[in-house]
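Architecture and fold: a report
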Amino acid sequence: MIRPELSVDQRTKCEIETTSEYDAILIVGFGGPEKPEDVMPFLENVTRGRNIPRERLEEVAEHYHHFGGVSPINEQVRSLMATLGPELRRHGVTLPIYWGNRNWTPMLPDTLREMAAAGVKKSLAIVLAAYSSYSSCRQYREDIGRAREEVGPTAPEVAKTRVFYNHPEFITANADRVREALAKIPAEDRGEVPITFTAHSIPAAMAANSLYEEQLRETCRLVAAELNVDSRRWSLVYQSRSGRPGDLWLEPDILDHLRDVREQGAREVIVHPIGFLSDHMEVLYDLDEEAQQLCEKIGLNMVRSSTVGTHRGFVRMLCELVCERLQGAQEDEKRALGRFGPSHDECPLNCCLPPVRPQNLAHAKS
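So, here is what we can say about the structure in this document. (Residues numbered from 1 in each chain as written. Predicted model: local features only at pLDDT ≥ 70, side-chain atom pairs only at ≥ 80, totals over all residues. Heavy atoms only, no water.)

Observations regarding the sheet that holds strand 8 (residues 301-304)
- Ordered by their spatial adjacency, four strands build an open sheet running 6-5-7-8, and the pairing between neighbours is parallel. Of all strands in the sheet, those with a lone pairing partner are strand 6 (234-239) and strand 8, marking the two edges. Direction aside, the axes of adjacent strands within the sheet are offset by 30 degrees on average.
- Contacting strand 5 (195-200) and strand 6, helix 9 (residues 212-226) crosses the sheet at an angle of about 140 degrees to strand 6. (Pairing = 2+ DSSP bridges. Helix = DSSP H or I, 4+ residues; strand = E, 2+ residues; numbered from the N terminus. Axes fitted to C-alpha atoms, helices over the stretch in contact; angles between N-to-C directions. Contact = heavy atoms within 4.5 Å.)

Here you go:
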């Protein structure tokens, strides 16, 4: 939990500007192992109740052991919190910031117990996911609900900020990351190099119950527009597919796409993981290892851009989303670009329904 010390002037400003029903902010993440002995228990948490074969878990575990058994995701959340705290204070927000994960320490029930012991009654959650699907929206809300039930009557209420796939600061942050990658391409080729946006594949049955694909395509379109990139130069593809081979998942797969790009005559390609917020295991292994190795084999120079991470615009956006709720902003005061406007604050009952069939290892690597 973070509660910064403030000057008298800052305290006065914050008391005026953050009078609201909320008394804490909760960062909600996926979680990841931080030492080798954590890896298998973590994967068992991720896949509990899904009847995943042991050999499949061991296969995924090797991805972590390739990096010393440590996922970078928890440290990346710590870095984000360390950046977000000062940004919130600059806007007069002095609420304490807590952090709880779905699958590894700090676990959500433990964090909610800490909050309850501190007297927190209602918190505002920032779920670290930009797009709407069962696994990136509703499942987090279910996890929060189960954690509250486990804590009992003293558990604080938890509301959730809106998804931000079309927020102007998010679009700018992603565009800046692509610009950084383009700078590594020879100047004479930058106007023609294909740009591949990649996101986590999910089962087609899950996608059918959400706006995941629609939101991803809109983000890609908006980023490309900011970069003045013609629609013929960019593609949206998917990575990190898992689960039963017979199940339909979103395609095309990143590796198949890269082969096609090379066959069409390209010598270079930008790969931007637009579906991810930080350079965690799926980015490091699936792109920097598997995709990069394929590109070296087929003679394609792949330049992978960074995720938004702690980009100043991304941090400003998270602060803005918090301030919207603390100040009770009206719909016309909420910023959004493109065709669809700002997303809802309160999820409707039919939001991101689970797929009919049980899922296997979706989002097991983070």
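Still to come is the rest of the account.
Side note on unusual backbone geometry
- Here T105 and P106 are connected by a cis peptide whose omega angle stands at -5 degrees.
- Mapped onto the secondary structure, P106 falls in the loop between strand 2 (97-101) and helix 5 (108-117).
- Note that the residue after E251, namely P252, is joined by a cis bond; omega there is 10 degrees.
- Within the chain, N228 stands out as a residue other than glycine whose phi angle is a positive 60 degrees.
- Note on placement: N228 falls in the loop between helix 9 and strand 6.

Describing the pairing of strand 3 (residues 122-127)
- Taking burial as the measure, the six residues of strand 3 include six buried ones, the bulk of the element.
- Here strand 3 shows two buried faces, one formed by K122, L124 and I126 and the other by S123, A125 and V127.
- The pairing of strand 3 with strand 4 (residues 157-160) spans four bridges and is parallel. When the bridges of strand 4 are listed, S123 appears paired with V158.
- In terms of handedness, the path from strand 3 via helix 6 (residues 134-151) over to strand 4 forms a crossover that is right-handed. (Buried < 20%, exposed > 50% of the residue type's maximum accessible area, 1.4 Å probe, protein only. Right-handed = clockwise from strand over helix to strand, strands pointing away.)

Section: the sheet that holds strand 2
- Strand order in the open sheet formed by four strands is 2-1-3-4, and the pairing between neighbours is parallel. Both outer strands of the open sheet, strand 2 and strand 4, are each paired with one neighbouring strand and no more. Neighbour to neighbour, the strand axes of the sheet diverge by 30 degrees on average, direction disregarded.
- When strand 1 (residues 24-29) meets strand 3, the two strands line up parallel, connected through five bridges. Counterpart to A24 in the pairing with strand 3 is S123.
- Each of strand 1, strand 2, strand 3 and strand 4 is contacted by helix 5, which is oriented at about 155 degrees to strand 2, the strand it contacts most.
- In the packing of helix 12 (residues 312-326) onto the sheet, the strands contacted are strand 1, strand 3 and strand 4, and the crossing angle to strand 3 comes to about 150 degrees.

So, the packing of helix 2 (residues 39-46) against helix 3 (residues 54-65)
- Following both chains from N to C, one finds helix 2 and helix 3 inclined at 125 degrees, their axes separated by 10 Å at the closest point. For the element pair helix 2 / helix 3, the angle class is oblique. For the crossing formed where helix 2 meets helix 3, the hand is right-handed. Together, V39, M40, F42, L43 and E44 of helix 2 and R54, L57, E58, V60, A61, Y64 and H65 of helix 3 make up the contact between the two elements. (Parallel < 35°, antiparallel > 145°, perpendicular 65-115°, else oblique. Left-handed = near helix turned anticlockwise from the far one by under 90°.)

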